[in-house]
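Overview (structure and organization)
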Amino acid sequence: LFDDLGLDSLDLLEFYLRLDEEFNVNLTEDDYPKLTSVEATTAYLKAKAAHQ
Amino acid sequence: MSLPTLLKVPELEERYRKVKKYFFLRESAYDVTSTCQLRCDGCYYFEGDKYKVKDCKDPEAWRELLQRERDRGITYVNLAGAEPSLVPQVLRACYETIPLGTIFTNGLRKIHPDIRYRLHLSVWGDGTGDPIYRRYAGGRAGPYCLPIQLKNYKNDDRVIFVYTFNGDNVDQVKEVLKHIHDHGHKVTFNVFSTPEGNRSTLKLSDTLRRTQDKMVEAMERYPDTVVYSHYNAEVHTQPVSLRGQFRCPYPRAAMEGSMQFGIGASFRNYQADLGYSAASCCVPDTDCTDCRHYAAGSAIVTARLDLHTKSEQLFRGWLDYVDTYLAIWILGYQKSENLYSAH
């Protein structure tokens, strides 16, 4: 995400917080390393949705 | 609470905007020499094997290293040691390549005023304690560093003093604060953090609460001199270490699965031979279960916005912590009034 969108480290934390709120996925810090790109984030959300 | 809700409070939104501008910084650390005049009890540098390397003394080699570092996105350098002031040409080469950073020094030798890095001058106690905790390399009692530091760095705006509280010097801070205040300098606080396997008598245990009280007392007595916040005082004096409270993003901890994001992606700690270990952190060989180090906290606490949006009070604490961190590390940054009040 740093490279895809040019985010700084605080942008990234904001992104995680807003993602959690928007999609209600109970994101934890253990999930952060999985969200390394836009593609990876999309895949993560799809996987979460499939389990709900 | 959510971040958008918290940012509806005008003073919080204003402070958040103020500090957010600086999160573009990406830091790494560089031990620029393995030589020091002093041997401080529990010094992170002389624990482990770091000091056994063969120093690279060639400023051009350092310049090339920092050019490569700049190319990989590093915008801020921490120049540590042993004692960086002993290699002035290396400092100059670094400054000419990456001009944002901090030098950690004992202050016994003056760093040229053209090198406009932030300078952190370490203070370990008053005239009775400092010479005992910090001996000369040969073993005899060291100098009382503070008077020498004040003379070397009179009216020098690069300087912030860092008083390290240990298990023996809590009450010595009074004399030190007065001298620093009288000379128009600033001071912040560190907490002694024991290296792995070290049995130093300076370890804090039953003095943690008293240390917190002294920190708060100091802030109240010298509000324009002490660069700190109530929240800093709380988190750095808990019985549980920083890592225990917030987990740790440095590569050394991240490799153990603690938290693999943030600073862990880019931080390296280079040794004086220009090599680096993949298991880096800003205070390698410190026992993570006793880590309350101010430099570590600057990355650990600031990285956890997510833990600090659960209440307005916590968010206020986080904003104070980041504001304090920037004032300590960025030359010219002005700290604002603290927003968080102690319980």
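Structural data are supplied above this passage.
Bear in mind the structure is a predicted one, so any value in this text is a computation, not a measurement.

Conventions and cut-offs
Counting from 1, residues in each chain are numbered in the order their sequence is written. The naming scheme follows written order: chains are lettered A onward, ligands numbered 1 onward. A pLDDT threshold of at least 70 governs which residues receive local features in this predicted model, and a stricter bar of 80 or more applies before side-chain atom pairs are shown or counted, although totals over entire chains, interfaces and linings include all residues. Computation of side-chain values: all heavy atoms of the structure, hydrogens and water removed. For every residue, the accessible area (1.4 Å probe, protein chains only) is compared with the maximum for its type, and the residue is labelled buried under 20%, exposed over 50%, or partly exposed between those bounds. Helix and strand assignments come from DSSP, with helices taken as H or I runs of at least 4 residues and strands as E runs of at least 2, each series counted from the N terminus. Two strands are counted as paired when DSSP detects at least two bridges linking them. Here the axes come from fitting lines to C-alpha atoms, over the contacting stretch only for helices, and the angles between their N-to-C directions go from 0 to 180 degrees. Oblique is the label for any angle not under 35 degrees, not over 145, and not in the 65 to 115 range, which are roughly parallel, roughly antiparallel and roughly perpendicular in turn. We call a crossing left-handed when the near helix sits turned anticlockwise from the far one by less than a right angle, and right-handed when that turn is clockwise. Here, residues are in contact when the closest pair of their heavy atoms is within 4.5 Å. Each residue is assigned to one of three groups, with Ala, Val, Leu, Ile, Met, Phe, Trp, Tyr, Cys and Pro labelled nonpolar, Asp, Glu, Lys and Arg labelled charged, and all others, Gly among them, labelled polar.

A word on the pairing of strand 4 (residues 101-105) of chain B. Residue and element names in this part refer to chain B. With respect to burial, strand 4 is a largely interior element, 4 of its 5 residues being buried. Here strand 3 (residues 76-80) runs beside strand 4; their pairing, made up of 3 bridges, is parallel. Its bridge partner lying in strand 4, N78 is registered against T102. As judged from the 4 bridges shared by strand 4 and strand 5 (residues 118-123), these two strands associate in the parallel manner. Bridge pairing links I103 to L119 in strand 5.

Residues and elements named next belong to chain B. Running from N to C, helix 3 (residues 59-71) and helix 4 (residues 88-97) point in directions that differ by 30°, and their axes come no closer than 8 Å. By the angle between their axes, helix 3 is roughly parallel relative to helix 4. Note that helix 3 runs across helix 4; the crossing there is right-handed. Contacts between helix 3 and helix 4 pair P59, W62, R63, L66, Q67 and R70 from the former with Q89, V90, A93, C94, E96 and T97 from the latter. Counted by class, the contact of helix 3 with helix 4 contains 6 nonpolar, 3 polar and 3 charged residues.

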